[in-house]
Amino acid sequence: MIADLKIPFDINPVPAYYTEPELGSKHPAIILIHEIWGVNDHMKDVASRLMQQGYAVLVPDLLYDTNISEKVSAEVFDDFKNPDKRDEVQIKMREVFAPVHSPEFAQETIAKLQACFTYLQQ
């Protein structure tokens, strides 16, 4: 089974990608934390490979309410490799990621992960 889910959380459910080897049976589960690029094809591929090993895998989009994933593209990563653009890109990235440095973001992320854990227990 592969599905896009909404994990109940406050007033804004957490979007997540979910995969499990066999519908209706119990499996060990993993909450897979995505990179700064969000829940992209690479994360879905990692989830699929873990599923093939017998795990149910939940990949919550922990940045869904920040718009960070939309502001950071693969081009930005490529620009980090270019010495002429690196300083400019680092400044931009600090601005984009400023919200995740707050204690409130950390507390909310932990609460979102707890909601994901609770979902998997059910």
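That block above? That's the structure.
Described below are features of the structure shown in this document.

Structural notes on the sheet that holds strand β3 (residues 29–31)
- Here four strands make up an open sheet; going across it, the order is β1-β2-β4-β3 and the pairing mixed. Where the open sheet ends on each side, the last strands, each with one partner, are β1 (2–7) and β3. When strand polarity is set aside, the average angle formed by the axes of neighbouring strands in this sheet is 25°.
- Examined bridge by bridge, β3 and strand β4 (residues 56–60) share three bridges and lie parallel to one another. Looking across to β4, one finds that isoleucine 30 is bridged to valine 57.
- In this fold helix α5 (residues 103–121) packs onto β1, β2 (14–19), β3 and β4, with an angle of close to 165° to the strand it touches most, β3.

Here's the deal with the layout of surface pockets
- The volume enclosed by the largest pocket comes to roughly 280 Å³.
- As for the largest pocket, its lining consists of Tyr18, Glu20, Ser25, Lys26, His27, Ala29, Ala56, Tyr119, Leu120, Gln121 and Gln122.
- No other element matches α5, which puts three residues into the lining of the largest pocket.
- For the lining of the largest pocket, the class distribution of residues is five nonpolar, four polar and two charged.

Overview of the pairing of β1
- Side chains of β1 alternate between two faces, with Ala3, Leu5 and Ile7 buried and Ile2, Asp4 and Lys6 left unburied.
- With six bridges connecting them, β1 and β2 associate as antiparallel partners. The residue bridging leucine 5 from the neighbouring strand is alanine 16, located in β2.
- Count of turn residues in the β1/β2 antiparallel hairpin: six residues, of which aspartate 10 carries a positive phi of about 45°.

Structural notes on the environment of leucine 32
- In this structure, leucine 32 sits in the loop between β3 and α1 (41–52).
- Take leucine 32: its relative accessible area is 15%, and that puts it in the buried class.
- In this structure the C-alpha to C-alpha distance between leucine 32 and tyrosine 64, which are 32 residues apart in sequence, comes to 15 Å.
- Not counting the four nearest positions on each side in its chain, leucine 32 is found in contact with Met43, Val46, Ala47, Val57, Leu58, Val59 and Pro60.

Quick word on the environment of lysine 92
- Within the element layout of this structure, lysine 92 appears in helix α4 (residues 86–97).
- Residue lysine 92 is classed as partly exposed on the basis of its relative accessible area of 40%.
- A C-alpha to C-alpha distance of 18 Å links lysine 92 and glycine 38, two positions 54 residues apart in sequence.
- Excluding residues within four positions of it along the chain, lysine 92 makes contact with Lys71 and Val76.

So, the pairing of β2
- Along β2, five of the six residues are buried, which leaves the element largely enclosed by surrounding structure.
- Bridging between β2 and β4 involves four bridges; their strand directions are antiparallel. Across the sheet, the residue bridging to tyrosine 17 is valine 59, located in β4.

Criteria and cut-off values
- Residues numbered from 1 in each chain as written.
- Predicted model: local features only at pLDDT ≥ 70, side-chain atom pairs only at ≥ 80, totals over all residues.
- Heavy atoms only, no water.
- Pairing = 2+ DSSP bridges.
- Helix = DSSP H or I, 4+ residues; strand = E, 2+ residues; numbered from the N terminus.
- Axes fitted to C-alpha atoms, helices over the stretch in contact; angles between N-to-C directions.
- Contact = heavy atoms within 4.5 Å.
- 1 Å grid on protein atoms, 1.4 Å probe; cavity = no way out; pocket = protein on both sides within 12 Å on 5 of 7 lines; lining within 4 Å.
- Points joined across faces, edges and corners; volume = space filled by probe spheres on them.
- Nonpolar A, V, L, I, M, F, W, Y, C, P; charged D, E, K, R; others polar.
- Buried < 20%, exposed > 50% of the residue type's maximum accessible area, 1.4 Å probe, protein only.

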